[in-house]
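Structural features, examined
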Amino acid sequence: MAESGFPLPPETYCSLCGDALKEPVTISCGDTYCLECIKIYWDQFDHMGVYNCPQCRATFTPRPVLRRNLPDVNHEPRRQPPELTPFPYMHRESFCDFCVGRRSRAVKSCLMCLAYYCETHVKPHYESSTFKRHKLVDETGHLDRKICPQHEKGLELFCRSDQMCICVLCTVREHRSHNITSAEEERNEKQKVLVITESEVQHIIQERMKELQELKHNVEVLKAVERWKTEINQMIMANMQAAMTQAESYVERLEQEILELQRREAELRQILETEDNIHFLQNFPTLCVPPEAMVPKVLINPQFSFGDMSKTATEMKEHLDDICKKELSKISKTVSETPVYILLPRNGDKRLKVPSRVDFQEPKSRTDFLRYSCKLSFDPNTVYKELVLSDGNQKVMRKKTVQFYPDHPERFDSFSQVLCKEPLTGFRFYWEAEWSGEFSIGVAYKSISRKGKNSHSLLGYNDKSWSLLCSDSGYSAWHNKVDRDISDAPRASRIGVYLDYNGNTVAFYSISETMELIHRFKAQFSEPLYAGFGVGSSVTLCRLKQNPMPY
């Protein structure tokens, strides 16, 4: 609250602490916070190295340097540089226009009143008939962008000819005879583009994560080579020190041997020069024996070189270093050149590709389905006590004897069922299984119950699973205890399952000489899914040829 008693404008509040700004700092996206608040908020992301704005979610790498705002002598609001303006789809927090004192955050905007409302002040719009015709929308902080600047009416339509949002009055003159549709219908079409794009981004993330693991492995190998090089150098230094010590000992012993030989030479010269024949003959026996060597002959091995060993280790390190740099360069280039969103042309620009409806349709032929084939394996921790896994966890058979599996919280203890290990989420997946005896095939959340003989742990009998029951007499589709008998689908010993997670569908197909749809579920998936099976006799996961993803 300002000293005058009037509430402060929203831009003087910190959205992190909710109080008036203290030592305000404005980051590069244009949002302002208390210096201490944004420092504490960013400290928790130091281990990641990527920082974001709490309001508009703009990201920064490396961590921005924070500088306190300088006072504005003209008392004008700080204007954001054009090149740093956030993208229009980013959420900008707004405050209620009708709160007195400390203003609450807005939850709705009214396109008729052109105002923001908190949860308290928006109630009259729901309760009073006066506001019956008013248009309420979720608050996104860009109310001015939802109003036609020419007619000051709410934007409710979309002109496909000009690729822009318009109001009802725009259709009379400016956009007369244009291809006009409702905003909702156009959003549904464009949402399909973003769904495909999101799937592509998630796939790219998975690829980058794989590349990151490989790069980390190379870094660990490089570190190991560095350690090995250090150890070799230490070994070389130790051997050199030992060799020097030994060589110094040999030098000392050789010097002593030379002195002894010089003394012997002097005695020989003396006896040779004597005229006393008796003295000569008496000393001859001791002097005629050649002296024995005191020190072995020392030679430097010409094949050995400490320099060559050190050079080899250095070259190996440099070689691995070059590999890592090249791989990192490839990854950086791929990330930079990979588009995240598909761009749509404006004003008749034909240079950008517009996705056709075919890009959003489900696969038609089995070849199309195989593009999304995924490799699955049965999870031993979930298998029922009468089931036996084989063929690398690709086949499961039911036996009359009880298998001695260890207790596990994920094991089904009452129904002959098993789940696969691999989580399925965010994209399209396809797999096939061959069966004998009555069996069920489907998908389930990991949170499905595993204990007790009740509907909570039986595939298709709860809201956490979808399944197709297959027998010699026919098929029936099950979800949340609701079943549908299917009598017109052809019988087949192989069943194909197609999961479009983002499209919220899971479909079952009979696979023989032809591929025909048995049943399709429409759902709203909220957790990763796992392939599940109820085993009557045996089930085998089919090995499918994986084709490249359709990018």
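Here, every reference points to the structure presented above.
Structure report, in brief. (Residues numbered from 1 in each chain as written. Predicted model: local features only at pLDDT ≥ 70, side-chain atom pairs only at ≥ 80, totals over all residues. Heavy atoms only, no water.)

Some remarks on a nonpolar patch on the surface
Cut-off, in case you're wondering: The patch calculation keeps residues exceeding 30% relative accessible area without a salt bridge and links them within 9 Å when they carry like charges or within 5 Å when they are nonpolar (Val, Leu, Ile, Met, Phe, Trp, Tyr). Here, Shrake-Rupley sampling with a 1.4 Å probe gives the accessible areas, and only protein chains in the shown set may cover a residue. The rule for a salt bridge is simple: a side-chain nitrogen of Lys or Arg has to be within 4 Å of a carboxyl oxygen of Asp or Glu. In this description a helix means any DSSP run of H or I spanning at least four residues, a strand means any run of E spanning at least two, and both kinds are numbered starting from the N terminus. Partly exposed describes any residue whose relative accessible area lies between the buried limit of under 20% and the exposed limit of over 50%, with all areas from a 1.4 Å probe on protein chains only and scaled to the type maximum.
Taken together, Ile 205, Met 209 and Leu 212 make up a surface patch of nonpolar side chains, about 250 Å² in accessible area. Along the chain, Leu 212 falls in helix α3 (residues 183-273). Here Leu 212 falls in the partly exposed class, since its relative accessible area comes to 34%.

So, the nonpolar core
The tendency in soluble globular proteins is for nonpolar side chains to be buried side by side. The test is simple: Residues belong to one nonpolar core when they are buried, are Ala, Val, Leu, Ile, Met, Phe, Trp, Tyr or Cys, and are joined through side-chain atoms within 4.5 Å. For this analysis, residues touch if any pair of their heavy atoms sits within 4.5 Å.
Judged by nonpolar contacts, the single largest core of 53 residues is most densely connected at Trp 431, Ile 441, Leu 468 and Phe 533. Apart from residues lying up to four places away in sequence, Leu 468 is in contact with Phe 439, Ser 440, Ile 441, Tyr 475, Ser 476, Ala 477, Ile 486, Ile 495, Phe 508 and Ile 518.

Observations regarding the pattern of salt bridges
With the rule as written, the count across this model stands at 18 salt bridges. For Lys 192, the salt bridge is made with Glu 189, and the minimal N-O distance between the two is 3.7 Å. With Lys 192 and Glu 189 both in helix α3 and 3 residues apart, the pair spans about one turn of that helix. Given the relative accessible area of 37%, Lys 192 is considered partly exposed. On the basis of relative accessible area, Glu 189 is assigned to the partly exposed category, the value being 22%. For Arg 263, the salt bridge identified is with Glu 260, shortest N-O distance 2.3 Å. One end of the pair, Arg 263, and the other, Glu 260, are both in helix α3, 3 residues apart, so they sit about a helical turn from each other.

Quick look at unusual backbone geometry
For Ser 177, which is not glycine, the phi torsion reads 70 degrees and is therefore positive. Looking at the element boundaries, Ser 177 is found in the loop between β9 (164-166) and β10 (180-182). Phi angles above zero are rare outside glycine, and Asn 504 is one such case at about 60 degrees. Considering the arrangement of structural elements, one finds Asn 504 in the loop between β19 (494-500) and β20 (505-511).

Description of the sheet that holds β9
Here is the rule: The criterion for strand pairing is that DSSP finds at least two bridges linking the strands in question. Between N-to-C directions, angles span 0 to 180 degrees; the directions come from axes that are lines fitted to C-alpha atoms, helices contributing only their stretch in contact.
With antiparallel pairing, 3 strands are arranged side by side in an open sheet as β9-β8-β10. For this open sheet the edge positions go to β9 and β10, each flanked by a neighbour on one side alone. Mean inter-strand twist for the sheet, computed between neighbouring axes without regard to direction, equals 40 degrees. Sheet strands touched by α3: β8 (157-159) and β10. Its angle to β10, the strand with the most contacts, is close to 85 degrees.

A word on the packing of aromatic side chains
Quick reminder of the rule: Pairing of aromatic side chains requires ring centres within 6.5 Å, counting the rings of Phe and Tyr and the six-membered ring of Trp. Pairs whose planes differ by under 30 degrees are stacked, by over 60 edge-to-face, and all others tilted. We call a charge positioned over a ring when the NZ of a Lys or the CZ of an Arg lies within 6 Å of the ring centre and within 35 degrees of the ring normal.
Under the definition given, this model contains 15 aromatic pairs. Ring geometry for Tyr 445 versus Trp 466: centroids 5.6 Å apart, planes at 80 degrees, classification edge-to-face. Placement of Tyr 445 in strand β15 (residues 439-445) and of Trp 466 in strand β16 (residues 465-471) is noted, with a sequence separation of 21 residues between them. The pair Tyr 445 / Trp 466 is uniform in exposure class, with both members buried. Members of the aromatic cluster, joined through ring pairs, are Phe 369, Tyr 372, Phe 427, Tyr 430, Tyr 498 and Tyr 509. Here the basic side chain of Arg 450 rests over the ring of Phe 412, its NZ or CZ set 5.4 Å away from the ring centre.

Observations concerning the side chain of Gln 417
We apply this condition: Whenever two N or O atoms come within 3.5 Å, that pair is a polar contact, provided that in protein one can donate a hydrogen and the other can accept it, and provided that, for residues adjacent in sequence, both atoms are side-chain atoms.
Within the element layout of this structure, Gln 417 appears in strand β13 (residues 417-419). Within polar-contact distance, the side chain of Gln 417 engages the backbone oxygen of Ser 457 at 2.9 Å. Sequence-distant contacts of Gln 417, defined by excluding residues within four places in its chain, comprise Thr 382, Val 383, Tyr 384, Leu 387, Phe 412, Ser 457, Leu 458, Leu 459, Phe 533 and Gly 534.

Some points on the environment of Cys 110
With respect to the helices and strands, Cys 110 occurs in strand β5 (residues 108-110). Judged by relative accessible area, which is 0%, Cys 110 ranks as buried. For the pair Cys 110 and Leu 136, spaced 26 residues apart in the sequence, the C-alpha separation amounts to 4.6 Å.

Considerations on the environment of Val 396
Mapped onto the fold, Val 396 is located in strand β12 (residues 395-398). For Val 396, a relative accessible area of 0% puts it in the buried group. The spacing of Val 396 and Val 535 is 139 residues in sequence and 7.8 Å in space, taken between C-alpha atoms. Apart from residues no more than four positions distant in its own chain, Val 396 is found in contact with Phe 378, Leu 387, Val 388, Leu 389, Val 535, Ser 537, Ser 538 and Val 539.

Overview of the pairing of β16
Among the 7 residues in β16, 6 count as buried, and that is most of the element. Where β15 and β16 come together, 6 bridges link them in antiparallel fashion. What sits directly across from Gly 442, in β16, is Ser 467. Where β16 meets strand β17 (residues 474-479), 6 bridges bridge the pair, whose relative direction is antiparallel. Bridging across to β17, Trp 466 finds its partner in His 479. Where β16 hands over to β17, the hairpin turn is made up of 2 residues, counted between the paired strands.

Without other data, these values stay purely geometric and don't point to any function.
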